[in-house]
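Here is what each chain is made of, one letter per residue.
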4 protein chains.
Amino acid sequence: MAGNAFGERFRVTTFGESHGGVVGVVVDGCPAGHPFPRERIAAQLARRRPGQGRLSSARREPDEVEVGSGIDPESGLTLGTPIVMWVRNTDAKSQHYDELRELYRPSHADYTYDARYGLRFVAGGGRASARETVGRVAAGALAEDLLEASHGIEIVAWVDRVHEVAAPAVDPEAITREQVDRSEVRCPDPEAAARMTAAIEAARADRDTVGGVLRCVARGVPPGLGEPVFDKLSAALAGAMMSLPASRGFELGEGFAAVGMRGSEHNDAFVPDPQRQASTDGIRTRTNRSGGIQGGLSNGETVRFAVAFKPVATIFKPQDTVDRQGRAATYTARGRHDPCVLPRAVPMVEAMTALVLCDHLLRRLGARAEELGR
Amino acid sequence: MAGNAFGERFRVTTFGESHGGVVGVVVDGCPAGHPFPRERIAAQLARRRPGQGRLSSARREPDEVEVGSGIDPESGLTLGTPIVMWVRNTDAKSQHYDELRELYRPSHADYTYDARYGLRFVAGGGRASARETVGRVAAGALAEDLLEASHGIEIVAWVDRVHEVAAPAVDPEAITREQVDRSEVRCPDPEAAARMTAAIEAARADRDTVGGVLRCVARGVPPGLGEPVFDKLSAALAGAMMSLPASRGFELGEGFAAVGMRGSEHNDAFVPDPQRQASTDGIRTRTNRSGGIQGGLSNGETVRFAVAFKPVATIFKPQDTVDRQGRAATYTARGRHDPCVLPRAVPMVEAMTALVLCDHLLRRLGARAEELGR
Amino acid sequence: MAGNAFGERFRVTTFGESHGGVVGVVVDGCPAGHPFPRERIAAQLARRRPGQGRLSSARREPDEVEVGSGIDPESGLTLGTPIVMWVRNTDAKSQHYDELRELYRPSHADYTYDARYGLRFVAGGGRASARETVGRVAAGALAEDLLEASHGIEIVAWVDRVHEVAAPAVDPEAITREQVDRSEVRCPDPEAAARMTAAIEAARADRDTVGGVLRCVARGVPPGLGEPVFDKLSAALAGAMMSLPASRGFELGEGFAAVGMRGSEHNDAFVPDPQRQASTDGIRTRTNRSGGIQGGLSNGETVRFAVAFKPVATIFKPQDTVDRQGRAATYTARGRHDPCVLPRAVPMVEAMTALVLCDHLLRRLGARAEELGR
Amino acid sequence: MAGNAFGERFRVTTFGESHGGVVGVVVDGCPAGHPFPRERIAAQLARRRPGQGRLSSARREPDEVEVGSGIDPESGLTLGTPIVMWVRNTDAKSQHYDELRELYRPSHADYTYDARYGLRFVAGGGRASARETVGRVAAGALAEDLLEASHGIEIVAWVDRVHEVAAPAVDPEAITREQVDRSEVRCPDPEAAARMTAAIEAARADRDTVGGVLRCVARGVPPGLGEPVFDKLSAALAGAMMSLPASRGFELGEGFAAVGMRGSEHNDAFVPDPQRQASTDGIRTRTNRSGGIQGGLSNGETVRFAVAFKPVATIFKPQDTVDRQGRAATYTARGRHDPCVLPRAVPMVEAMTALVLCDHLLRRLGARAEELGR
C-alpha cells in the first residue's frame, strides 16, 4: 500500500491532485443499512472550502460531491459496498507553471516528491495540496454520522491559538460547532477570535503567514476503543493528525505540560459514577489529564488533544531556493493562498478524528469470544 | 490485525506479558543476506533493561535473547524468513496479586483492558507493561543495523528534560550515543544530568514520580522516504512514538514552537550542496526547522523530533480509586518501579525510529517504474 | 478491509454496482514515470464488454473510461499517486425490479448478500454483477503494461473447454492473443471454436447455459516471484482466479492430473540453459509440469494454470426458489444475459494474472539486503 | 508483509525452519475469554506428525508445544493478546548437507529460494519444509475450537484419492474424524483405504512417490461469511489451500465437474427450511452443487471442496539436475521422507479451513450498521 489509504476496517483511500480531474475518496468497509448523510457531508465540505471569507483565499471551489456507488438508490441506505465520492476540479488555472516546474518552493513538497518519484504534478501542488483533504472530509462526515447514530459521539475542533494569540481555555464538555463557527477564524472566544483575525490580516499585509494550534474533543466515546501496543488510540490519533498538511505536533490530554507535573498531580483518580453504579461501566475519573485514553485505550472520558500547525509555506516575499539542477535561484510566490490554514483545518481534524474512532469502533467488535456467537 | 504488529514491509509483531512466559517479537520481511547483529541487539536490550543503576528499579531482568529462526546457522546471515526472538521472564513475583485483581490502579491500563476484553493479565501489568518493549528494542536494533549498513544512518536519542530541568540545546549533527550514555540519566550535558538525577531522586524520596522530554535525531536519511498523504514519514514517526508507554506528545522539527514563527521565519531555504552540485541530490536546506521532513517525505536533512512522557503512574502514595464493582477504594502501590522512565525510554525511541525508517526504506523500493526491471 | 481491494503494493480497490452510477477502480502503488497505457486499457475493456457478437448478451456498455487522477497531464506519465478510473453505467433498465426484490434467484448472490448485509442493490445484481470486473480489467491492463515494459512478460488466456467440447492442447510458449481472438468464442483452435459456439447456441436455444475451462500462461516471468508460505505465487493466483464471478476451480501446471503421476513422472529435471550458462539464472527445467512455480515461487519457466467456470446461473426456465420471507416461489429469468461467460472471462483472467504478477514484482524488491542501499 | 502471515482479524504469523531452532506461530487477534484448548492443539499436532505408522517417514518429532504468551495463567482463558506457540526441532541431523548445498533438488524450492534470496537454509528444506505447518496446525486447532464453541461448526477432511485409487463418495453431512482416522491413510472407506495403502507401499518399494486428492467439509457455517469481490470465501479457501506444500489444485462444490453440467443441472434451487420457516435464515437449498458458497459468501449449507496434491518431489532414484553454477549433475535423495503426503495433509487442510472461517467470522462483525451500537 502506497500511503493513500487509512483505517483497517473503515478504510478510506483518497485520490486526486489539486489541478487534476477530480479529488475524492473510496470508503471500503462502511457498514450496511445506514442512511447516507448527504447534508452532513456537504456541510463539512463547505466548512473546509476556501473562499469562505476574508481570511481564506479567494479561490472558488464549489465542491459539489458526486456519489458514484455504495448507496441503495431506493432506500438511500449504505449497501456495505465501497462508496466512491469525488469533486471535480474546476478552477485550475496555473499561471506561473514554467517557473514552478523548474524551482523548488522552500518548505513545500516539490523537492521531496521529485526525489522520490522522479517527477511531480506541478500545478497547484498536485497531490501534496491540501485539496487532497476533500476526500478525507467527505469520508469523515460519513464516519461521524455513524458514530453519532450508534453512540451519540460528538466531535468538535476549534482554533486555540494563532501565532502569538492564545484563546482562553474552553470547556471540553460543552463546546459546540455552533460556538466555533460564530467567528470566521473558528475560535469560540469572540475576543480572542478578533485578535487572531487581526494577526492573520497583519501577516497577510506583510506578505507573510502564520500557524497555530487546534484543539479537538470527542465526547461519548465508549471505553475500550484502541488496540494495545502499536495501534493504541493515542497512536492512531497522532498518526492521523500528523498526516494532515502542515501539522508539526500532537499532544494528548495534558501533553507536553504533563512533563511539568509529578505523578501525584497527573494521575486521574477513579471514582464511582453516580449514574451507573455497580457495573464495569459505572466508573469515571475525577480529572481527565489523560485526555480520555489510558494504556492506549479509551476510558469513557472525553478524548481531547491538540495539533500544532506551522505557518503556511507559501509566502509572497522573495526566498532563496534552487532549481531542479541544484543551482541557486530566487522564488516569489504568486496566486491565491491562505495566510493561515487553521480555520479550514478544523473540519479536517474533525474528519480524521471520526475516521480513527469509526475504524476502532469496528475493530473492537470481536474483542471478546462471546461476540463470535452473534 | 489486533494492534500488535508494526510496519508494512519490515513488519514486527511483538508478544508476551510482563509476568508470563516470554516477551518477544517476530520480524517478517527482514531482507536476506545481512549479518545478524547479535551484539547490537544485546547492547540495546542492556540499555533498555531495568536495574541499570540508582535511577531505575532494582528488578533483575537479564534479558538473554533466544533467536529461534530466520538466521542461517552456517553463515550467520539473515535468510529472508521470519526471525523470532524472545526473552524469558524469570523474576516474576507478584506479591499483592489479590489486591491488583480487584482494584483499578489510577492512570494505568487495568480498567481499560477490562472494559475491552472482560479480563486482563493481572500480575505486573501484563501486556500493558513496558516490558513489552523488549521485542521492539530487539527488532529495532536489527533495523538500525540494516540502516547503518545500507546508508550509514545513525539514530541517537537523549533526555532533553526531566520535570522542570531542561538541558541546553544539543547539536543534532554531532550528538553520539557515547555522549548520551555518559550519565545514567542519559542527558549529554553533565550539569543538566546532575540536576535531572536530583529531580528524580527527590521525586522518589517523596514516593512520587516525574516525566520528561526525549529528543531524537536520525542522520543520513536519504531523501524521498515516507509516503504521501496518510503514511507520511512524520505521521509514521508520530504514531510510532505515541505507541510507546507513557508518551503524551510528539513534535517534529520546531514543533509547537513553529506556531510562534511566521512563514518567513520558519521556511527552510534551499541551497546548493557544495559537495554534490548539479544533481537532484545536490540540494540542501540552509536551516532545518522542518526536522528533515517536507510534505511528509524526508528531504535528506537530519530528521529530528521530540517526545513527551508523562510522569510514571505508579506512585507510592495512597490514591482514590474504585474496584471492579465500581466501589470506592484506596490504592497504594508497592514493589519496585522506576520513578522516571526517560533514561530507559532512550533505546525504545531509537528502536521505533529505526523500525519506521527501515520500513520506509523498503517501501520506497519500486516508487519509480524503472526499478521494476531490476 | 472489506474485501474490495487486492494486492499489497500494487493495490487496486474496485467500486460500483451494476446499475448504479459508475463502476471503477483506484490503483494505489503504481510506480511513477510509466507512460499511461490508454489504448491497452481500452482494448482490454473492449474484449471484456458484452454485446461483442452473437455469443454474448445484446447489452450496450460502451465502457468509456474516465481517468480522474494519477497521471501527469503534461507528460502522460504515471505520477506514483493513486489512479482512479471509472466507467458510467448508462444502460441501466431494470424491468422486473419488484420481482427481483422479493425473490432469491437460485445460485446467485441475492440471498447471501441479504444474509450478510440485510439489504442489497437489487437491479442488475448490484455489486455481485460481473460488471464489477470493469475495474479489474482496467487496472490489469495497466499492470500488464508495466510487466511488459520491465520484463517483456506476456499474458495470454484462452478458452480450453466449453461444456463437453474440449480444445486440443495449445503450445503455451507460442499462443498469442491474436490467435485467441480469431474466434468470437476465444478458442484458438478453429474447429473446436466452431463446436464450442454450437454448444453455446444450443444451450441458448434451450433457455439454458454452459460453463467451461480457461487456460492462461504468463511468459517471461523472472525467477523468485512469490513469497514463501502463505503468499506463494500459486496461492495468490488461486485466490485471484477464485475471486472471479462463477469460477469453481483452479489448477496449476498439471493440476488434478498430477495425481495420476508418480514423483518420477511429475518432477521437472533441471538442465543447464545453453543461452545463459554459468549463472544462477542459467537454469531451466526440461519439462514444466510445475507450471512455472516451485515451492510457491516462480522458477523462470512459463507460468500456466487453468480455471473452471460453472454454467451461468441465469437460465430462462422456471426454477423453484423462495422469497425473502422464506416462502416457496417460482422464478423465471428475463432480460439479456450471456449463456456462457467464458469468452468474456478471458480478459478478466488476464487482468487478475497481471495484478498478481505486478504486485509480486514490487514485493520482490528488497528481498535481499543489498537492494536497500540503492 | 513478507508472506508469512495469514488472516486479517484472526491473524497468524508462522516462523521457523525445518532444522533450525523452533517452528511456531503467533496468533494476533484471538478474542479474549476463550478457554485455551491445549488438548485439541496437541491432538491435531499428533495427527500432523511424521512417524505415525508405516506410511509416513520414521522421523521422530515429538512436537511438544510451548505456549509463551496470551493465556491468563489463573483462568486458562485467552487474554486477547498475541498467543505465541512453538515446538523445538530436536531431530535435526543433516547427513548429506554438502551435496544439498550445491545441488538443486528437482521440483523443490532450492533453486527458487536461491533465486529470490541469494541464500537458503540448506538442511531439511528450511522454511520450505512441510514442518512449517506445525504453526498452522496449532493455530488452526485454536480457531476450530472457537468455531465449534460459537457456532457448532465442524470441519472434517479425508483422503479421497491416492494416485489411481479413488474412494467412493462420502456423505458430507455425516463424515466424522473418527471415521477418517480408522485407517492410517485417513480414507474412511476401508476397502479403498487398503488399496491406497498398497499404492503407497508400491511407490515406496519403487523408490517413488504418489499424490492424491483430499476432500474437506465444514458443517454449520452460518450464512453471510466471506466478503464480496476479492475476499470471497471461495477465494480465501483457494488461496489457503494452494499455500500448502505440494498442493496443485482446488475446487469448490462440483468444481471442474460443473463444466459438464448446464445451468439447469447445476443451479441449487432454494427451498423453505421446515425447521426455521419464515425468516431470512429459514432458507435452504435442495442440492448443494455450489459447495455452500454463492456469490462468494456462505449460504448456510455445508462448505465442501477438494484439494489436489502432487506426488512428493523427494524420490530415491537418480535425477538429472544442475548445481548452483548451472552445471549438469545427478541427484539421488537420501534420508527419511514420506512417499505420500496425503494422510498428514488432512489436519493441515482442516487447519487452513478453520483459519479462514474464524477470520471471516470476525470480519463479518460490523457488516451491518446496527452492530456498531453494541
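What counts and what doesn't
- Residues numbered from 1 in each chain as written.
- Chains lettered and ligands numbered in written order.
- Predicted model: local features only at pLDDT ≥ 70, side-chain atom pairs only at ≥ 80, totals over all residues.
- Heavy atoms only, no water.
- Contact = heavy atoms within 4.5 Å.
- Buried area = accessible area lost by both parts, 1.4 Å probe.
- Salt bridge = Lys/Arg side-chain N within 4 Å of Asp/Glu carboxyl O.
- Polar contact = N/O pair within 3.5 Å; in protein donor to acceptor, adjacent residues only side chain to side chain.
- Helix = DSSP H or I, 4+ residues; strand = E, 2+ residues; numbered from the N terminus.
- Least-squares fit on C-alpha atoms with pLDDT ≥ 70 in both.
- Buried < 20%, exposed > 50% of the residue type's maximum accessible area, 1.4 Å probe, protein only.
- Pairing = 2+ DSSP bridges.
- Axes fitted to C-alpha atoms, helices over the stretch in contact; angles between N-to-C directions.
- Parallel < 35°, antiparallel > 145°, perpendicular 65-115°, else oblique.
- Nonpolar A, V, L, I, M, F, W, Y, C, P; charged D, E, K, R; others polar.

Trainee: What exactly am I supposed to notice about the interface of chain B and chain C here?
Mentor: Between chain B and chain C, the contact holds 22 residues from the first and 22 residues from the second. Carbon and sulfur atoms supply 61% of the area that chain B and chain C bury against each other, a total of about 1900 Å² over both sides. Between the two partners, chain B and chain C, sit zero salt bridges. There are ten residue pairs in polar contact (both at pLDDT 80 or more) connecting chain B and chain C. Listed by contribution, the elements that provide at least two residues to the side of chain B that touches chain C are α4 (133-151) and α9 (342-364) of chain B.

Trainee: Teacher, can you tell me more about the relation of the copies chain B and chain C here?
Mentor: Each of the two copies of the chain can be brought onto the other by a rotation about an axis and a shift along it. Each copy superposes on the other: chain B lies on chain C with an RMSD of 0.0 Å after a rotation of 180° and an axial shift of 0.0 Å. A rotation of that kind, with that shift, is consistent with a two-fold axis. For chain B, the residue whose C-alpha comes nearest the rotation axis is Leu365 of chain B, separated from it by 3.1 Å.

Trainee: Would you explain the pairing of strand β5 (residues 83-88) of chain C in this entry?
Mentor: Consecutive side chains of a regular strand alternate in pointing toward one face of the sheet and then the other. All names here are of chain C. Burial of β5 is extensive: five of the six residues sit out of reach of the surface. One ladder, built from six bridges, connects strand β3 (residues 22-28) with β5; its direction is antiparallel. Across the sheet, Val25 pairs through a bridge with Met85, a residue of β5.

Trainee: Sorry, what's going on with the packing of helix α1 (residues 38-48) of chain B against α9 of chain B here?
Mentor: Residues and elements named next belong to chain B. One can describe the packing of α1 onto α9 by two numbers: an axis separation of 7 Å at closest approach and a directional angle of 140°. Considering their axes alone, α1 and α9 lie oblique with respect to each other. Only Arg344, Val346, Pro347, Met348 and Glu350 of α9 make contact with α1, whose side of the interface consists of Gln44, Arg47 and Arg48. Residues that form the contact of α1 with α9 fall into these classes: three nonpolar, one polar and four charged.

Trainee: Teacher, can you tell me more about the relation of the copies chain A and chain B here?
Mentor: Between chain A and chain B, the superposition needs a rotation of 180° and an axial shift of 0.0 Å, giving an RMSD of 0.0 Å. Most of the interface of chain A is mirrored in chain B, where 100% of its interface residues again form contacts.

Trainee: Explain the pattern of salt bridges here, please?
Mentor: Pairing is possible between side chains that carry opposite charge, provided their charged atoms lie close to one another. All names here are of chain D. The final tally for this structure, using the stated rule, is 132 salt bridges over all chains. Salt-bridge contacts for Asp181 lead to Arg186; the nearest nitrogen and oxygen are separated by 2.7 Å. Judged by its relative accessible area of 7%, Arg186 is buried.

Trainee: Help me understand the sheet that holds strand β7 (residues 165-166) of chain C, please; the structure alone is not making it clear to me.
Mentor: With antiparallel pairing, the ten strands of this open sheet are ordered in space as β7(C)-β6(C)-β8(C)-β14(C)-β9(C)-β9(D)-β14(D)-β8(D)-β6(D)-β7(D). Sheet topology places β7 of chain C together with β7 (165-166) of chain D at the edges, where each strand pairs with a single neighbour. Along the sheet face, helix α7 (residues 233-242) of chain D touches β9 (247-252) of chain C together with β9 (247-252) and β14 (303-309) of chain D and points at about 160° away from the line of β9 of chain D. Lying over the sheet, helix α9 (residues 342-364) of chain D contacts β6 (154-162), β8 (212-219) and β14 of chain D, oriented at roughly 145° with respect to β6 of chain D.

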